[in-house]
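Fold and geometry: a report
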Amino acid sequence: MKLNVYADRMSQPVRAVLIFCKVNGINYEEVRVDIAKRQHLTPEYAGQINPMKQLPAIVDGRFKLFESHAILTYLACSFPGVADHWYPDVFKRSKIHSVLDWHHSNLRPGPGVFLMLQWIKLFKFFLLVHGY
Ligand SMILES: N[C@@H](CCC(=O)N[C@@H](CS)C(=O)NCC(=O)O)C(=O)O
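Residues numbered from 1 in each chain as written. Predicted model: local features only at pLDDT ≥ 70, side-chain atom pairs only at ≥ 80, totals over all residues. Heavy atoms only, no water.

- For the protein chain, the name recorded in an unreviewed UniProt entry is Glutathione S-transferase T1, with Hibiscus syriacus as its organism.

**Side note on the packing of aromatic side chains**
- By the definition in use, this model includes three aromatic pairs.
- On the numbers, 5.8 Å between centres and 50° between planes, the contact of Y6 with Y45 is tilted. Taken together, the residues Y6 in strand β1 (residues 3–7) and Y45 in helix α2 (residues 43–47) connect sequence positions 39 residues apart. An identical accessibility class is assigned to Y6 and Y45; each is buried.
- On the basis of an interplanar angle of 75° and a centroid distance of 4.9 Å, the ring pair of F20 and W86 is categorised as edge-to-face. Taken as a pair, F20 in helix α1 (residues 12–23) and W86 in the loop between α3 (68–78) and α4 (90–107) lie far apart in primary sequence, 66 residues in all.
- Since its relative accessible area comes to 8%, F20 is described here as buried. (Phe/Tyr/Trp six-rings, centres within 6.5 Å; stacked < 30°, edge-to-face > 60°. Helix = DSSP H or I, 4+ residues; strand = E, 2+ residues; numbered from the N terminus. Buried < 20%, exposed > 50% of the residue type's maximum accessible area, 1.4 Å probe, protein only.)

**Regarding the pairing of β1**
- Where burial is concerned, most of β1 is hidden: five out of the five residues are buried.
- By the bridge criterion, five bridges tie β1 to strand β2 (residues 28–32) in an arrangement that is parallel. By the bridge assignment for β2, A7 is matched with R32.
- As for the winding sense of the linkage, the β-α-β connection from β1 through α1 to β2 is right-handed.
- Judged from the four bridges that link them, β1 and strand β3 (residues 57–60) form a sheet pairing that is antiparallel. Paired with L3 across the two strands is D60, which belongs to β3. (Pairing = 2+ DSSP bridges. Right-handed = clockwise from strand over helix to strand, strands pointing away.)

Okay, structure coming up:
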């Protein structure tokens, strides 16, 4: 069964999935989907792979999955070469989920807001320079 990872390496969650595969010797094929070229919005990707129109996503045989944390959990549980310490007993798994949820709520939005503020500053500067 072949594992396909749909990926644009500009994306942090994509890189997390790719790094996890590499570190654990998981055999996969990277299928490039270029967000800048809006390839994630095409019927081939959005219609067939991830209806949420985001990266990463995987297809493992007939099984499709999106959301990086779900993908990482699936990989840790399904591939025999993955060491036990990645996803051990129920107590450690709960701690792992706690940190993963915290990551989504706190770490990821931060850079997005930062970048948006930089764009707003740049836009204000543009208006100032052009006398608006
Ligand atoms: N919660 C998702 C976030 C995925 C996500 O935000 N992907 C971005 C790239 S970093 C994306 O596909 N953006 C395209 C879009 O939203 O149009 C995950 O962890 O997989």
